[in-house]
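Working through the structure, step by step
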Amino acid sequence: RKLLTSVACVSWAVATIITASASSYTEVVAARIFMGLACAFATPSAYTLIRDLIPKERAALASSLYGSGVYLGGALASLSILLDESLGWRGALTVIAVYGLVSAGVSFAVLPPDPKNNSDDDDGGALDMPSPKKAVIITNDSEEEEGKISAFLTDATNVLSTSQVRWLFTASFLRFCSGLCIGVWAAPYFRIAFPDDSTSYAVVNAFIVSLCGVTSGVVGGWTADRTGAAAVGAGYTENTGRLIVPIVGSVLAVPTWWLAVHSSSFESAMFWLGVEYLVAECWFGPVVAVLQSSVGPTLGGTAQGMFTLTGAIGNFAPSALGVLYGSAAAGAVEDGSALSGLLGVGVCGGYFLSAICFAISAQAGNEEEGGNIALPEKQS
């Protein structure tokens with residue numbers, strides 16, 4: 001996994017260099033697709049490494065620290081405008097790609113060895129058969145491919161075999177939908193609602209995303225580790241305690257986001273947007289920690305990949321909101337009211353429903369054999 005993470009970073013950097021040297025739109029699209037595929041390998045490897053290398057009592061904080069890179073990256077993306085102005089877009093991409101190559105080298109040098117490489121119990125991901133009677137010799141590529149597909153489907157089914165994990169995925173999907181709607185539609189709304197402050201919004205939003213987003217993520221992970229320990233002391237499961245953080249965060253995000261898109265002044269809107277980031281973005285690290293501890297070590301990568309896929313499916317939410325907005329704003333002079341209404345109902349609804357689903361997940365985990373469930377491991 002250490003090697004896979006570094007290779008994914010190198011591949012991402014190479015794809016960025018190819019983009020910088022592209023001579024047509026088709027080449028740019030192809031390079032971007034390759035970059036997306038390369039990035040997809042990093043997340044499952046990274047989170048399962050965190051699970052195996054970090055003590056259990058600090059798992060949520062460690063996952064939150066890793067996830068906070070999303071907010072720092074979003075803020076640093078604003079600085080790419082300065083690179084673009086001084087070096088052009090090709091030069092800016094080249095600088096970013098070189099940074100990626102350096103990062104890959106440094107991470108490979110400083111990361112400790114993958115503990116799985118030293119485990120006699122791990123099979124390195126090879127296909128395991130349920131019993132010797134079912135062990136067959138794969139004789140051709142077709143049978144080997146069918147075996148891999150069957151193994152993946154079995155692992156995916158095992159990941160979803162408990163109510164706690166199923167409700168966790170449902171809640172996460174709703175959170176992804178709300179967050180992606182904000183990511184796509186917040187800027188257009190605030191520029192429509194406050195056209196004289198569009199330049200200020202770019203700067204203020206970068207500050208909010210970086211400072212408030214990172215703070216919420218890190219504090220949320222730290223808090224989840226402590227609420228988990230407190231829950232154990234009170235006779236509940238650790239994961240039940242950890243899920244308190246995303247439950248509370250999702251509930252508090254409802255009024256703060258509503259106020260952000262219904263404020264009459266730019267200053268008030270930005271204040272509530274900052275508060276919304278502070279209370280809402282605490283969910284990611286605790287949820288990943290709960291997911292990883294619930295599925296067991298042999299299914300961690302599959303579970304994380306499915307979690308990432310859940311976020312990808314959530315990208316349909318901004319598209320759906322766009323369709324509704326197009327219908328609502330057709331033939332009318334847009335002053336932001338139609339979009340604020342859709343953002344208020346859609347995002348707040350997703351937050352509220354996710355809080356309910358997180359609560360059900362916590363309750364289900366506490367009921368399923370004390371909530372301390374590890375999914376079935378592969379048999380050898």
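Residues numbered from 1 in each chain as written. Predicted model: local features only at pLDDT ≥ 70, side-chain atom pairs only at ≥ 80, totals over all residues. Heavy atoms only, no water.

Further remarks concern the environment of Val-261. Positionally, Val-261 belongs in the loop between helix H10 (244-260) and helix H11 (266-280). Residues Val-261 and Gly-344, 83 residues apart in the sequence, show an inter-C-alpha distance of 6.7 Å. Those residues within four positions of Val-261 in sequence are excluded, and the remaining contacts are Tyr-189, Ser-340, Leu-343 and Gly-344. (Helix = DSSP H or I, 4+ residues; strand = E, 2+ residues; numbered from the N terminus. Contact = heavy atoms within 4.5 Å.)

To continue, consider the nonpolar core. Taken as a class, soluble globular proteins show a tendency for nonpolar side chains to be buried jointly. Ranked by size, the top nonpolar core spans 35 residues in total, and within it Phe-190, Tyr-201, Trp-257, Met-270, Leu-273, Tyr-277 and Leu-343 carry the most contacts. Looking at this core, the element that brings in the most residues is helix H7 (residues 163-193), giving eight residues. (Core = buried A, V, L, I, M, F, W, Y, C linked by side-chain atoms within 4.5 Å. Buried < 20%, exposed > 50% of the residue type's maximum accessible area, 1.4 Å probe, protein only.)

Turning our eyes to something else, we now look at H7. The first and last C-alpha atoms of H7 sit 43 Å apart over 31 residues, in line with the 45 Å expected at 1.5 Å per residue. Its axis deflected by about 45 degrees at Trp-185, H7 carries its strongest bend there, up to four residues before the proline Pro-188. (Expected span 1.5 Å × (residues − 1). Bend = angle between axes of the 7 residues up to and from the residue.)

Turning to a nonpolar patch on the surface, a few remarks are in order. A contiguous nonpolar patch, built from Val-10, Val-14, Ile-17, Ile-18, Phe-34 and Leu-101 and spanning about 430 Å² of accessible area, is present on the exposed surface. In terms of residue count, helix H1 (residues 2-20) provides more of the nonpolar patch than any other element does, four residues in total. Position of Val-10 relative to the elements: it lies in helix H1. Its relative accessible area of 35% is what places Val-10 among the partly exposed residues. (Patch = residues over 30% accessible without salt bridge, like charges linked within 9 Å, V, L, I, M, F, W, Y side chains within 5 Å. Areas by Shrake-Rupley, 256 points an atom, 1.4 Å probe, with all protein chains shown as cover. Salt bridge = Lys/Arg side-chain N within 4 Å of Asp/Glu carboxyl O.)

On to the pattern of salt bridges. Under the defined criterion, the tally for this structure stands at two salt bridges. The shortest N-O distance in the salt bridge between Arg-242 and Asp-225 comes to 3.8 Å. Note that Arg-242 is positioned in helix H9 (residues 238-242) and Asp-225 in helix H8 (residues 198-233), a separation of 17 residues in sequence. Across this residue pair, the class does not change: Arg-242 and Asp-225 are buried. Put simply, Glu-238 and Arg-242 hold a salt bridge, and the shortest N to O gap is 3.5 Å. Here Glu-238 pairs with Arg-242, and both are found in helix H9, just four residues apart, close to one helical turn. A residue is classified by how much of its surface remains accessible, and Arg-242, at 1% relative accessible area, is buried.

This part takes up the packing of aromatic side chains. For the structure on display, the rule yields twelve aromatic pairs. Both rings, one in Phe-190 and one in Tyr-201, keep their centres 5.4 Å apart while their planes meet at 35 degrees; by these two values the pair is tilted. In this pair, Phe-190 is assigned in helix H7 and Tyr-201 in helix H8, connecting sequence segments eleven residues apart. Exposure class is identical for Phe-190 and Tyr-201. Each is buried. (Phe/Tyr/Trp six-rings, centres within 6.5 Å; stacked < 30°, edge-to-face > 60°.)

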